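# A structural walkthrough
Residues per chain, in single letters:
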Amino acid sequence: MPATSFANLLGVAAIAFAAPFLLGLFPRIRLPAVVLEIVAGIVVGPAVLGWVRADLPVQILATLGLAFLLFLAGMEIDLERMRSGAGRLAGLGFVVSAFLALGAGYGAFALGLVRSPILIGIILLATSLGLVVPVLKDAGEASTPFGQLVIAAATVADFGAVILLSLFFSREASSPSPS
């Protein structure tokens, strides 16, 4: 078993604490904490300074953190509103987005930019409920009708994209011809 160091984990924890703390010190800066955290991750990560790497302890924490984030995002969904117009509107928005995304995928395919227009379409459909909910909560909009509509749309988009990706890759995995 390789030696385990928690130095990278300490760096990630320090940034996770520092980003919202710094934004709290400067209330005039109207920036969601997730934006600062992503930028900090780029700067201190392997792409720029290389101070922090995603080793095993960081990967374990990332998996747990994502599970917590998605669980908390699920708790923000008001099922009564989803059964009303918000759910239908989110579903309709997903279908329209699917056609637009597939159109963009096939357009990129026609230009010779991609080999799999359906995969590009599915990728364009994907959103991040884990980013949408914290931004709405920071703005105080998560419990408003607008915030619930956005959360409903992001939920439908996340579930739809995951299901479509699963179907796409299960078809690719069962294909008799090599890629």
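Residues numbered from 1 in each chain as written. Predicted model: local features only at pLDDT ≥ 70, side-chain atom pairs only at ≥ 80, totals over all residues. Heavy atoms only, no water.

When helices and strands are tallied, the chain shows eight helices and zero strands. The linear arrangement of helices and strands in the chain, starting from the amino end, is α-α-α-α-α-α-α-α. Looking at the chain as a whole, 25% of its 179 residues qualify as buried. For the chain, contacts bridging at least 24 residues in sequence account for 62% of all contacts bridging at least 6. Taken as a whole, the chain presents about 11,900 Å² of accessible surface, with 74% of it coming from carbon and sulfur. (Helix = DSSP H or I, 4+ residues; strand = E, 2+ residues; numbered from the N terminus. Buried < 20%, exposed > 50% of the residue type's maximum accessible area, 1.4 Å probe, protein only. Contact = heavy atoms within 4.5 Å. Areas by Shrake-Rupley, 256 points an atom, 1.4 Å probe, with all protein chains shown as cover.)

Another point: the packing of helix 2 (residues 33-44) against helix 7 (residues 129-138). Helix 7 packs onto helix 2 with a crossing angle of 130 degrees between their chain directions and a minimal axis gap of 9 Å. In terms of axis orientation, helix 2 runs oblique to helix 7. Contacts between helix 2 and helix 7 involve Ala33, Val34 and Ile38 from the first element and Leu131, Pro134, Val135 and Asp138 from the second. (Axes fitted to C-alpha atoms, helices over the stretch in contact; angles between N-to-C directions. Parallel < 35°, antiparallel > 145°, perpendicular 65-115°, else oblique.)

Attention shifts here to the layout of surface pockets. There is about 1,000 Å³ of room inside the largest pocket. Lining the largest pocket are 29 residues; nearest its centre among them are Val12, Ala16, Glu37, Ala62 and Gly65. Going through the elements one at a time, helix 1 (7-25), helix 2, helix 3 (56-75) and helix 7 are the ones with two or more residues in the lining of the largest pocket. The element that contributes the greatest number of residues to the lining of the largest pocket is helix 3, accounting for eight residues. Considering only residue class, the lining of the largest pocket consists of 21 nonpolar, five polar and three charged. Roughly 200 Å³ of volume is contained in the second largest pocket. Its residues assigned to classes, the lining of the second largest pocket comprises eight nonpolar, no polar and two charged. (1 Å grid on protein atoms, 1.4 Å probe; cavity = no way out; pocket = protein on both sides within 12 Å on 5 of 7 lines; lining within 4 Å. Points joined across faces, edges and corners; volume = space filled by probe spheres on them. Nonpolar A, V, L, I, M, F, W, Y, C, P; charged D, E, K, R; others polar.)

Relative to the helices and strands, Asn8 is located in helix 1. By relative accessible area, which is 14% here, Asn8 ends up buried. Here Arg53 takes part through its backbone nitrogen, which lies 3.2 Å from a polar atom of the side chain of Asn8. (Polar contact = N/O pair within 3.5 Å; in protein donor to acceptor, adjacent residues only side chain to side chain.)

Look at helix 1 against helix 2: their axes get within 9 Å of each other, and the N-to-C directions meet at 135 degrees. Judged on the interaxial angle alone, helix 2 and helix 1 are oblique. When the axes of helix 1 and helix 2 are compared, the crossing they make is right-handed. Where helix 1 approaches helix 2, its residues Ile15, Ala16, Ala19, Pro20 and Leu23 are matched on the opposing element by Ala33, Leu36, Glu37, Ala40 and Val44. Its residues assigned to classes, the contact of helix 1 with helix 2 comprises nine nonpolar, no polar and one charged. (Left-handed = near helix turned anticlockwise from the far one by under 90°.)

Further remarks concern the nonpolar core. Counting residues in each nonpolar core, the largest one holds seven residues, listed as Leu129, Val132, Val133, Leu136, Ala142, Ile151 and Ala154. Listed by contribution, the elements that provide at least two residues to this core are helix 7 and helix 8 (145-174). A total of four residues in this core trace back to one element, the largest contributor, which is helix 7. One finds Phe94, Ala98, Ala101 and Leu125 within the second-largest nonpolar core, a separate group that totals five residues. (Core = buried A, V, L, I, M, F, W, Y, C linked by side-chain atoms within 4.5 Å.)

Moving on to the environment of Ile122. Following the sequence through the fold, Ile122 ends up in helix 6 (residues 117-125). Judged by its relative accessible area of 6%, Ile122 is buried. Linking Ile122 and Ile163, residues 41 residues apart in sequence, is a C-alpha distance of 9.7 Å. Setting aside anything within four residues of it in sequence, one finds Ile122 in contact with Ala161, Leu164, Leu165 and Phe168.

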